[in-house]
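This is what each chain is made of:
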Amino acid sequence: MPAIVVLGAQWGDEGKGKATDLLATTDQIDYVVRTSGGHNAGHTIVVDGEKFATHLLPSGILTPGCTAVIGNGVVVSPEALFRELDALAARGVDVTRLVVSANAHVIASYHQTIDKVTERFLGKNKVGTTGRGIGPTYADKVARVGIRVADLFDEKILHAKVEGSLDVKNQLLAKVYNRRAVDVDAVVDELLAYADRLRPLVADTSLLLNQALDRGQTVLFEGAQATMLDVDHGTYPFVTSSNAVAGGVCTGAGVGPTRIDRVIGVIKAYTTRVGSGPFPTELFDSDGEKLWKIGGEVGVSTGRDRRCGWYDAVIARYASRVNGLTDLFLTKLDVLSSWEKVPVCVAYDVDGVRHDEMPMTQTGFHHATPVYEHLDGWWEDISGCRAFEALPANAQAYVRALEEMSGTPIWGVGVGPGREQILSVPH
Ligand code: GDP
Ligand code: IMO
Ligand code: MG
């Protein structure tokens, strides 16, 4: 399996870091590549009881012998990049195997400022962004006024580009948002300060990865954010600003779709969401609080509480479709121990009409209420189980039911945060 994609099938925080780490340590992965998003991501990896969180860096940075790659589709804050590298190095991680695309766009401090003022301006309609400058940086990329990594190595070009990028923004900041205009020279100095440290890491990552695949090496593309946060296929406008679906891997890495062999969707045994936007199975009762508490549902990047709800098979089917999933990795099954019945959403009621598939319009999705099937629960602590057959019969039946409803085989089940807390599902 030379090219594998691991991506989120819900609204993020499904356990992509754990799935990536698991594959990287068991399947001899040569490269782990991020292709979209930036340091808005927070991926947790637990190794021998020690907890690590990666944000901008691919989780493969933690795997000895694996090269971590930041692809052209990622938005890179040099400040966040070196902060994260230094923090990992201080914990003894070898961070020398990192390559950054020359074409990745750069997040400068003004992007973060604009992210924050825009959210403030939106008031109750705010997206609930991570405030990392992600949206404004992608907006600049599409508007063709972005700064790319390679621009940091030519002061003249950098100055001209920053000037061009701030031209209209400074008018906006001063006249609409009532903020001080940003000084071009200060931004150029801020970015140039990272140039020397960045230069040796930079390469043509599309060439690098395609050559690796030609040699028969294994490349894992580690998704960030998730299907329902994708700018095209998610719950727009309550989404991130990049393509988190499988298609985004091709544009974000410079590899063609014919090279991808396997697309794994990581999905929780229930659902969570951070930030604003519709969420049909969201719970506002003691069950929601119990999921939040047992699941430890607090954001890794922002420390915000995650909204919690039951598993949504409509979303699972949708994610399978828009990503062409080959299989699912079901995480956090252990969290569901101790419910008499576990409701699972099998369809939506939209203004009195049953929908087995995702409603076509956002208005439809906003009106969707879940149609539940109530599956039998189990009481046993399953975090010590290491074989599917060791799970209580009702837990096995829950996994099989989800598989059937989602229309995609489940190859693995997570029963705890640790690397070893995983079961493979027989087929
Ligand atoms: P990511 O952004 O998709 O990588 O996911 P996060 O790291 O933000 O959130 C997933 C959380 O669930 C982390 O705290 C993981 O350590 C934890 N986790 C992953 N898989 C499992 C599992 O099977 N069971 C339990 N209890 N926790 C898990
Ligand atoms: P991982 O990779 C969960 C959400 C934010 C907000 C919306 C837009 O850890 O799964 P942004 O800052 O990207 O413009 O915010 O997207 N969001 C995430 N939610 N997990 C993430 O990443 C997220 N990255 C962004 O909360 O609702
Ligand atoms: Mg996360």
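This text follows the structure it describes.
The structure reproduced in this document is the subject of the present report. All values derive from a computational prediction rather than experimental measurement.

Let's talk about the overall build of the protein chain
Secondary structure assignment for the protein chain yields 13 helices and 20 strands. Relative to the compact-globule value of 22 Å for 427 residues, the protein chain shows a C-alpha radius of gyration of 22 Å, a close match. With the C-alpha coordinates aligned to their principal axes, the bounding extent of the protein chain is approximately 65 × 50 × 40 Å. Sequence separation of 24 or more characterises 76% of the internal contacts of the protein chain that already satisfy a separation of 6 or more. A total accessible area of about 17300 Å² is found for the protein chain, and carbon and sulfur atoms account for 52% of it. Charge separation in the protein chain, taken as the distance between the mean sites of 41 positive and 52 negative side-chain charges, equals 4 Å.

Some words on the packing of aromatic side chains
Aromatic ring pairs: the centre-centre distance and the angle between the two ring planes describe each pair. All chains considered together, the criterion is met by 8 aromatic pairs. Summarising the aromatic geometry, the rings of W310 and W339 are spaced 5.6 Å apart at their centres and angled 80° between planes, so their arrangement reads as edge-to-face. Taken together, the residues W310 in the loop between β13 (307-309) and β14 (311-312) and W339 in the loop between β15 (327-331) and β16 (341-350) connect sequence positions 29 residues apart. The pair W310 / W339 is uniform in exposure class, with both members buried.

Overview of the side chain of H105
By the element assignment, H105 lies in strand β8 (residues 105-106). Residue H105 is classed as buried on the basis of its relative accessible area, which comes to 8%. In contact with H105, not counting residues within four places along its chain, are N72, V74, V75, V76, T137, K141, G146, I147 and R148.

Considering the packing of helix α3 (residues 109-122) against helix α4 (residues 134-142)
Taken N-terminus to C-terminus, the directions of α3 and α4 make an angle of 115°; their axes are 7 Å apart at the nearest point. By the angle between their axes, α3 is roughly perpendicular relative to α4. Like other packed secondary-structure pairs, α3 and α4 cross with a definite hand, here right-handed. Touching Y110, H111, I114 and D115 of α3 are I134, P136, T137 and D140, all from α4. By residue class, the composition of the contact of α3 with α4 is 4 nonpolar, 2 polar and 2 charged.

Comments concerning the site of ligand 2
Near ligand 2 lie 20 residues; those nearest to it are D13, K16, H43, T130 and T240. In this structure, N40 approaches ligand 2 through a side-chain N or O atom, which is 2.9 Å from an oxygen atom. At 2.9 Å, a backbone N or O of G42 approaches an oxygen atom of ligand 2. Within the complex, 98% of the 550 Å² of free accessible area of ligand 2 lies under protein. Grouping the constituent residues of the shell around ligand 2 by class yields 7 nonpolar, 10 polar and 3 charged.

Focus: the site of ligand 1
Close to ligand 1 lie 19 residues; G15, K16, G42, T44 and D334 are nearest. In this structure, a nitrogen atom belonging to ligand 1 sits 2.7 Å away from a side-chain N or O atom of D334. Contact distances for ligand 1 include 3.4 Å between an oxygen atom and a backbone N or O atom of V415. For ligand 1, whose free accessible area comes to 580 Å², the fraction covered by protein is 93%.

Some details on the coordination of the magnesium ion (ligand 3)
Looking at the metal site, the magnesium ion (ligand 3) is ligated by D13 (OD) and G42 (O), spaced 2.0 to 2.1 Å from it. With a gap of 29 residues between them, D13 in the loop between β1 (3-8) and α1 (16-26) and G42 in the loop between β2 (31-34) and β3 (43-47) connect regions that are remote in the sequence. The class for G42 is buried, based on a relative accessible area of 13%.

Overview of the side chain of H39
Relative to the helices and strands, H39 is located in the loop between β2 and β3. The residues touching H39, leaving out its near neighbours within four places in the chain, are H55, L56, S77, A80, I107, R132, I134 and S301.

A word on the packing of helix α5 (residues 155-176) against helix α6 (residues 184-192)
Their axes nearest at 9 Å, the elements α5 and α6 cross at an angle of 130°. Of the possible angle classes, the one that applies to α5 and α6 is oblique. Here α5 and α6 pass one another in a crossing that is right-handed. Across the interface between the two elements, E155, L158, H159, V162, E163 and L166 of α5 pack against V184, D185, V187, V188, L191 and L192 of α6. Of the residues contributing to the contact of α5 with α6, the split by class is 8 nonpolar, 1 polar and 3 charged.

Calculation rules
- Residues numbered from 1 in each chain as written.
- Chains lettered and ligands numbered in written order.
- Predicted model: local features only at pLDDT ≥ 70, side-chain atom pairs only at ≥ 80, totals over all residues.
- Heavy atoms only, no water.
- Helix = DSSP H or I, 4+ residues; strand = E, 2+ residues; numbered from the N terminus.
- Rg over C-alpha atoms; globule rule 2.2 N^0.38 Å.
- Contact = heavy atoms within 4.5 Å.
- Areas by Shrake-Rupley, 256 points an atom, 1.4 Å probe, with all protein chains shown as cover.
- Lys, Arg positive; Asp, Glu negative; His and termini not counted.
- Charge placed at Lys NZ, Arg CZ, Asp CG, Glu CD.
- Phe/Tyr/Trp six-rings, centres within 6.5 Å; stacked < 30°, edge-to-face > 60°.
- Buried < 20%, exposed > 50% of the residue type's maximum accessible area, 1.4 Å probe, protein only.
- Axes fitted to C-alpha atoms, helices over the stretch in contact; angles between N-to-C directions.
- Parallel < 35°, antiparallel > 145°, perpendicular 65-115°, else oblique.
- Left-handed = near helix turned anticlockwise from the far one by under 90°.
- Nonpolar A, V, L, I, M, F, W, Y, C, P; charged D, E, K, R; others polar.
- Near = heavy atom within 4 Å.
- Polar contact = N/O pair within 3.5 Å; in protein donor to acceptor, adjacent residues only side chain to side chain.
- Donors = N, O, S within 2.8 Å, 3.2 Å for Na, K, Ca; no water.

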